[in-house]
Amino acid sequence: MAKWFNKQSRLVQIILLLIPVVNWVVEVLVRWSSVIHSKKKNVLNVIAAILVTFVGFAWGWVDVIWCLLFKRLTFTK
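Residues numbered from 1 in each chain as written. Predicted model: local features only at pLDDT ≥ 70, side-chain atom pairs only at ≥ 80, totals over all residues. Heavy atoms only, no water.

Asks: It is not clear to me how the packing of aromatic side chains should be interpreted in this structure. Could you clarify?
Replies: In this description, a pair of aromatic rings is defined by centroid distance and the angle of the planes. Tallied over the full model, the rule gives three aromatic pairs. Ring plane angle 20° and centroid distance 6.1 Å describe the contact between Trp24 and Phe57, whose orientation is recorded as stacked. Separated by 33 residues along the polypeptide, Trp24 in helix H3 (residues 20-37) and Phe57 in helix H4 (residues 43-70) bring together distant segments of the chain. Where Trp59 meets Phe75, the ring centres are 5.8 Å apart and the plane angle is 45°; that geometry is what we call tilted. Here the residue Trp59 occupies a position in helix H4, and Phe75 occupies one in the segment after H4, the gap between them amounting to 16 residues. By relative accessible area, Trp59 is classed as buried at 17%. (Phe/Tyr/Trp six-rings, centres within 6.5 Å; stacked < 30°, edge-to-face > 60°. Helix = DSSP H or I, 4+ residues; strand = E, 2+ residues; numbered from the N terminus. Buried < 20%, exposed > 50% of the residue type's maximum accessible area, 1.4 Å probe, protein only.)

So, in structure tokens, the structure goes:
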């Protein structure tokens, strides 16, 4: 899911992150798929995935701005 999200155009990414319930679902799926499929386990990615699971609605708005500025989600590479 993380690879799919990163392949989307920036407009599609922003639209997915702007819709409140879709935002949380996309955040959770992208974060946890990144943690699960990552060959190199990063503690910061695990912490971000746990935080997004519980406070994903608030975190999603930060990610909208982050995605606009840096072309990626927070704490991802």
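Asks: When you look at unusual backbone geometry in this model, what are you seeing that I'm missing?
Replies: Note on backbone geometry: most residues besides glycine have negative phi, and most peptide bonds are trans. Even without being glycine, Lys71 reaches a positive phi, approximately 65°. Mapped onto the elements of the fold, Lys71 is located in the segment after H4.

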